[in-house]
Amino acid sequence: MNNLLVFFTFSLLVCLSHAIEVDFCVADRSLPRGSQGYACRDPATLTTDDFVYTGFRGGRTITNVPGNNVTLAFVDQFPALNGLGISMARLDFGVGGVIPVHSHRRSEVIIVSRGSIIAGFIDTNNTAYYRRLEVEDVMIFPQAILHFQVNVGTTPATAFVSLNGANPSIQFTMNSLFGGNLPADITQQITLLSNAEVMRMKRAFGTA
Ligand SMILES: *[C@@H]1O[C@H](CO)[C@@H](O)[C@H](O)[C@H]1NC(C)=O
Ligand SMILES: *[C@@H]1O[C@H](CO)[C@@H](O)[C@H](O)[C@H]1NC(C)=O
């Protein structure tokens, strides 16, 4: 067996077993990520600061077209989450700002801390569940289901979310269709849009 294979096998075993063999497994991001997460840092090198994330502090500026500013606390930003099946994000919205329709591998719970948003999801039967949420309201988005948020208030809005995975991923539907490497003719065929509509969207995402 070559050394690389030994190394990957070892990393995988470390990742698979840490949930029951150790109290925590702060990610060693200098090593490759496995399907179960990262290998653990040596506990002797850890301090309390490794278990604290301060990235949610302060105000946010909103400059992008959707009018949002998303701050992730997934395992890549907060390595202490590795293997614990949990993560967070802070969502900030300008007036009229949105988080466009997207999905994650994992389920999500949201709590609004400022302003007023419409939050919703669309199930696999194409039924939409959506309503206006006020400060301190909580809603869930089931795993892998398309969902979205829209600031419908007259002030900026902020919400915090938690997901039951350390690396839950974010797939924005529109970016996948129009902002990636899918050729325009295939996009057109699989969306039933016109060429002009596809090209308008690809220009908006900088891919045409
Ligand atoms: C989000 O807000 C922070 C703090 O103002 C800023 O540094 C960052 O560039 C903003 N990100 C986006 C995508 O606008
Ligand atoms: C699916 O949606 C239709 C309406 O579009 C509704 O009549 C039906 O009850 C829904 N089925 C389920 C299982 O939710």
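Residues numbered from 1 in each chain as written. Chains lettered and ligands numbered in written order. Predicted model: local features only at pLDDT ≥ 70, side-chain atom pairs only at ≥ 80, totals over all residues. Heavy atoms only, no water.

### Quick look at the overall build of the protein
When helices and strands are tallied, the protein shows four helices and ten strands. Start at the N end of the protein and walk to the C end: the helices and strands fall as α-β-β-β-β-β-β-β-β-β-β-α-α-α. The principal-axis extents of the C-alpha atoms in the protein amount to approximately 55 × 45 × 35 Å. When burial is assessed residue by residue, the protein has 33% of its 208 residues classed as buried. Put simply, of all contacts in the protein between residues at least 6 apart along the chain, 65% involve residues at least 24 apart. Accessible area for the protein stands at about 11,900 Å²; split by element, carbon and sulfur atoms hold 58% of it. If the 14 positive side-chain charges of the protein are averaged to one point and the 15 negative ones to another, these points end up 8 Å apart. (Helix = DSSP H or I, 4+ residues; strand = E, 2+ residues; numbered from the N terminus. Buried < 20%, exposed > 50% of the residue type's maximum accessible area, 1.4 Å probe, protein only. Contact = heavy atoms within 4.5 Å. Areas by Shrake-Rupley, 256 points an atom, 1.4 Å probe, with all protein chains shown as cover. Lys, Arg positive; Asp, Glu negative; His and termini not counted. Charge placed at Lys NZ, Arg CZ, Asp CG, Glu CD.)

### Regarding the state of the cysteines
One way to say it: the disulfide is the covalent bond shared by the sulfur atoms of two cysteines. Following the criterion strictly, the structure yields one disulfide and no others. In this model, C25 is linked to C40 through a disulfide, with the two sulfur atoms separated by 2.1 Å. With the S-S dihedral at roughly -105 degrees, the linkage between C25 and C40 falls on the left-handed side. Here C40 lies in the loop between α1 (3–21) and β1 (68–73) and C25 lies in the loop between α1 and β1, a separation of 15 residues in the sequence. (Disulfide = S-S within 2.5 Å.)

### Regarding a nonpolar patch on the surface
A cluster of nonpolar side chains, contributed by V109, I111, V138 and I140, occupies part of the molecular surface with about 310 Å² of accessible area. Elements supplying a minimum of two residues to the nonpolar patch: β4 (108–114) and β7 (138–141). Note on placement: V138 falls in strand β7. (Patch = residues over 30% accessible without salt bridge, like charges linked within 9 Å, V, L, I, M, F, W, Y side chains within 5 Å. Salt bridge = Lys/Arg side-chain N within 4 Å of Asp/Glu carboxyl O.)

### Focus: the environment of V161
Relative to the elements of secondary structure, V161 occurs in strand β9 (residues 157–163). We classify V161 as buried; its relative accessible area is 3%. When the C-alpha positions of V161 and M88 are compared, they lie 5.4 Å apart, and in sequence the two are 73 residues distant. Among all residues touching V161, those that are not within four sequence positions of it are S87, M88, A89, L91, E108, V109 and I110.

### A look at the site of ligand 1
If you check the shell around ligand 1, you find G59, R60, T61, T63 and N69 and nothing else. With respect to ligand 1, the side chain of N69 contributes an N or O atom lying 2.3 Å from an oxygen atom. Of the residues belonging to the shell around ligand 1, the class tally is no nonpolar, four polar and one charged. (Near = heavy atom within 4 Å. Polar contact = N/O pair within 3.5 Å; in protein donor to acceptor, adjacent residues only side chain to side chain. Nonpolar A, V, L, I, M, F, W, Y, C, P; charged D, E, K, R; others polar.)

### Remarks on the pattern of salt bridges
Applying the stated criterion across every chain yields a total of six salt bridges. Note that R33 is salt-bridged to D76, the shortest N-O span being 2.7 Å. In this pair, R33 is assigned in the loop between α1 and β1 and D76 in the loop between β1 and β2 (87–93), connecting sequence segments 43 residues apart. For D76, a relative accessible area of 25% corresponds to the partly exposed category. For D92, the salt bridge is made with R114, and the minimal N-O distance between the two is 3.5 Å. In this pair, D92 is assigned in strand β2 and R114 in strand β4, connecting sequence segments 22 residues apart. Assessed through its relative accessible area of 1%, D92 is described here as buried. What emerges from the salt-bridge pattern is a single network uniting R29, R33 and D76.

### Brief notes about the pairing of β4
Summarising the sheet, β4 and β7 pair through four bridges and their orientation is antiparallel. Directly across from E108, in β7, lies its bridge partner F141. Pairing analysis gives six bridges linking β4 to β9, with the strands arranged antiparallel. When the bridges of β9 are listed, I110 appears paired with V161. (Pairing = 2+ DSSP bridges.)

Keep in mind that these numbers describe shape and distance, not what the molecule does.
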